[in-house]
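Chain and residue survey
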Amino acid sequence: MSWFKRSKAPIAEVESKHVQMPEGVWIKCKNCNEIIYTKEVERNLNVCPKCDYHFRISARERISLIIDQGSFAEMDAAMESVDFLDFKDSKRYKDRIRAAVKKSSGDAVICGKGTIEGLPVAVAVFDFGFMGGSMGSVVGEKITRVIELGLEKRCPVLVFSSSGGARMQESILSLMQMAKTSAALAKLKKAGIPFISVLTDPTTGGVTASFAMLGDINMAEPKALIGFAGPRVIEQTIRQTLPEGFQRSEYLLEHGMVDMIVRRQEMKQRLSQILRIFTKS
């Protein structure tokens, strides 16, 4: 009986203490469902150390990983989307733009020039955090201008895509960007200047249907979702079950839609190798 009384106090004491775990210390992998220490994932360039799942990263983070330190010069940073149609769905387009700017950059793509291991490149990097990386008039114009920069400087053009497609709030004007960017790439190709397209998770809709698949080299990160319509829409349309891994990088590589899959840790080195080959030729 005396032992029972002594043991009761410590138990009550333990139960009264609630350990508060700071938010963001742990992260759950969307692929393998493992709970991983956040800093461990960050040290691994935001790649799951258990299953190699590539987490989405911001445009600024990707630029810091790929472009030589101190070499990146941004262009058209002040260009911002305008609600010229006075569009409203569940929210006003003006409010969506305002909220996206607070969380992310000026729009869904960051463009500029820099070097990769000393090799000059005109680069555009999508930011999925800005309205799902959707392509509106500003995105199309910035992509076109970075292609024209490559044409002017006669340096390779590199685009990292991560987008849900054309921005519905800008209607037909967003769809026009597909033709505009593709036409600019046709000029680049005619001039014999290389275009490297890197498709990251996800690259879908009008972005996939235009410039993202027009690279002289089409690269992809592992397990990235790449396609025009989503798998659920396709299944509902054709009323058939899609194959395992359909629209993922590995499936597209197997069927000749992308040229190579490159892990994030190896991306900069692989890009520099490709740029050297193009430069020598």
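1. Overview of helix α10 (residues 267-280)
- With 14 residues, α10 should reach 20 Å at 1.5 Å per residue; the first-to-last C-alpha distance of 20 Å fits that figure.
- Along α10, the positions that sit buried rather than exposed are M267, L271, S272, I274 and L275. Buried residues of α10, viewed axially, fall in a sector of 165°; they line one side. Exposed residues lying more than 90 degrees from the buried face of α10 are I277 and K280.

2. Thoughts on the environment of L185
- With respect to the secondary-structure elements, L185 resides in helix α6 (residues 171-190).
- Distance in space between the C-alpha atoms of L185 and T144 is 8.2 Å, their sequence separation being 41 residues.
- Ignoring anything within four residues of it in the chain, the contact list for L185 reads I147, F195, F211 and L214.

3. Considering unusual backbone geometry
- Here D201 and P202 are connected by a cis peptide whose omega angle stands at -10°.
- In this structure, P202 sits in strand β7 (residues 195-203).
- The phi angle at D86 is positive, at roughly 50°, despite the residue not being glycine.
- Among the secondary structure elements, D86 is positioned in the loop between β3 (73-75) and α4 (93-103).
- Residues other than glycine seldom take positive phi values, yet M131 does so here, at roughly 50°.
- Mapped onto the elements, M131 comes out in the loop between β5 (119-126) and α5 (137-153).

4. Section: empty space enclosed by the protein
- Under the definition given, this model contains 1 cavity of 30 Å³ or more.
- Quantified by volume, the largest cavity comes out at close to 100 Å³.
- Residue lining of the largest cavity: 17 residues in total, with I57, R62, S162, T200 and D201 positioned closest to the centre.
- When residues of the lining of the largest cavity are traced back to their parent elements, those giving at least two are α3 (59-66), β5, β6 (157-163) and β7.
- Take the lining of the largest cavity: its biggest share by element is 3 residues, from β6.

5. Remarks on the pairing of strand β8 (residues 217-220)
- Of the two faces of β8, the one holding I217 and M219 and the one holding N218 and A220 are both buried throughout.
- Strand direction decides the pairing type here: β7 and β8, joined by 4 bridges, are parallel. Counterpart to S197 in the pairing with β8 is N218.
- Relative to strand β9 (residues 260-261), β8 is paired through 2 bridges, and the arrangement is parallel. Paired with M219 across the strands is M260, a residue of β9.

6. With respect to the sheet that holds strand β4 (residues 109-116)
- Pairing in this open sheet of 7 strands is mixed, and the strands run β3-β4-β5-β6-β7-β8-β9 from one edge to the other. Looking at strand neighbours, the two that pair on one side only are β3 and β9, the edges of this open sheet.
- Along the sheet face, α5 touches β3, β4, β5 and β6 and points at about 25° away from the line of β4.

7. Concerning the side chain of N218
- Mapped onto the fold, N218 is located in strand β8.
- In this structure the side chain of N218 is engaged in a polar contact, spanning 3.3 Å, whose partner is the backbone oxygen of M213.

8. Observations regarding the side chain of S163
- Relative to the helices and strands, S163 is located in strand β6.
- Polar side-chain contacts of S163 include one of 2.6 Å to the backbone oxygen of G133.
- Excluding residues that lie within four positions of it along the chain, S163 makes contacts with F126, F128, G132, G133, S134, M135, P202, T203, T204 and V207.

Rules of the game
Residues numbered from 1 in each chain as written. Predicted model: local features only at pLDDT ≥ 70, side-chain atom pairs only at ≥ 80, totals over all residues. Heavy atoms only, no water. Helix = DSSP H or I, 4+ residues; strand = E, 2+ residues; numbered from the N terminus. Expected span 1.5 Å × (residues − 1). Buried < 20%, exposed > 50% of the residue type's maximum accessible area, 1.4 Å probe, protein only. Arc of directions from axis to C-beta. Contact = heavy atoms within 4.5 Å. 1 Å grid on protein atoms, 1.4 Å probe; cavity = no way out; pocket = protein on both sides within 12 Å on 5 of 7 lines; lining within 4 Å. Points joined across faces, edges and corners; volume = space filled by probe spheres on them. Pairing = 2+ DSSP bridges. Axes fitted to C-alpha atoms, helices over the stretch in contact; angles between N-to-C directions. Polar contact = N/O pair within 3.5 Å; in protein donor to acceptor, adjacent residues only side chain to side chain.

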